[in-house]
Amino acid sequence: MDFFDRPPPAPLPAARIRALYAQNPTAEACALAWEIWRLQRVLVALEAGLRSASTLRHRQDILDRVAELREYVQGEPCLNEALAVKPGRKRGEER
């Protein structure tokens, strides 16, 4: 079974994340909770950017907006780490 054939794990609701932090109020747990919040904000910004791109009429304007969005996420660790999935490859596939 391939990684992408499996259904994703169920998401944790915000209340559960807060409860986990309350049970383990360490600096590490706080950092993880803030990272979850930060990544959620990145997704909200990407969705807003894509929605605004869909209202554009000219091809170059759409391409420019998508380029802006790609630049916005360029620094995200999950896109730059060595073990991230490369385009055209599957997670765990030999390099």
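Just above, that's the structure.
Procedures and definitions
Residues numbered from 1 in each chain as written. Predicted model: local features only at pLDDT ≥ 70, side-chain atom pairs only at ≥ 80, totals over all residues. Heavy atoms only, no water. Phe/Tyr/Trp six-rings, centres within 6.5 Å; stacked < 30°, edge-to-face > 60°. Helix = DSSP H or I, 4+ residues; strand = E, 2+ residues; numbered from the N terminus. Buried < 20%, exposed > 50% of the residue type's maximum accessible area, 1.4 Å probe, protein only. Expected span 1.5 Å × (residues − 1). Contact = heavy atoms within 4.5 Å. 1 Å grid on protein atoms, 1.4 Å probe; cavity = no way out; pocket = protein on both sides within 12 Å on 5 of 7 lines; lining within 4 Å. Points joined across faces, edges and corners; volume = space filled by probe spheres on them. Nonpolar A, V, L, I, M, F, W, Y, C, P; charged D, E, K, R; others polar. Salt bridge = Lys/Arg side-chain N within 4 Å of Asp/Glu carboxyl O.

**Here's the deal with the packing of aromatic side chains**
Two numbers describe a pair of aromatic rings. These are the distance of the centres and the angle of the planes.
Then, number 1: Overall, the coordinates contain 1 aromatic pair when judged by the stated rule.
Then, number 2: Summarising the aromatic geometry, the rings of W34 and W37 are spaced 5.5 Å apart at their centres and angled 80 degrees between planes, so their arrangement reads as edge-to-face. Of this pair, W34 and W37 both sit in helix α2 (residues 27-54), 3 residues apart, which is roughly one turn of that helix.
Then, number 3: The class for W37 is partly exposed, based on a relative accessible area of 48%.

**As for α2**
Then, number 1: Here α2 contains 28 residues, and its C-alpha end-to-end distance of 41 Å stays within 8% of the 40 Å for a straight helix at 1.5 Å per residue.
Then, number 2: Where α2 is buried, its residues touch α1 (14-23) and α3 (59-73).

**Examining the layout of surface pockets**
Then, number 1: By volume, the largest pocket amounts to about 290 Å³.
Then, number 2: In terms of lining, the largest pocket is formed by A14, I17, R18, Y21, C30, A33, W34, I36, W37 and Q40.
Then, number 3: Residues of the lining of the largest pocket, tallied by class, amount to 8 nonpolar, 1 polar and 1 charged.

**With respect to the pattern of salt bridges**
Then, number 1: Under the criterion given, the structure shown has 3 salt bridges.
Then, number 2: A salt bridge links R38 to E35, with the shortest nitrogen-to-oxygen separation between them at 2.8 Å. Of this pair, R38 and E35 both sit in helix α2, 3 residues apart, which is roughly one turn of the helix.
Then, number 3: Two residues, R51 and E47, come together in a salt bridge whose shortest N-O distance is 2.8 Å. Taken together, the positions of R51 and E47, both in helix α2 and 4 residues apart, correspond to about one turn of that helix.
Then, number 4: The exposed category is assigned to R51, whose relative accessible area is 52%.

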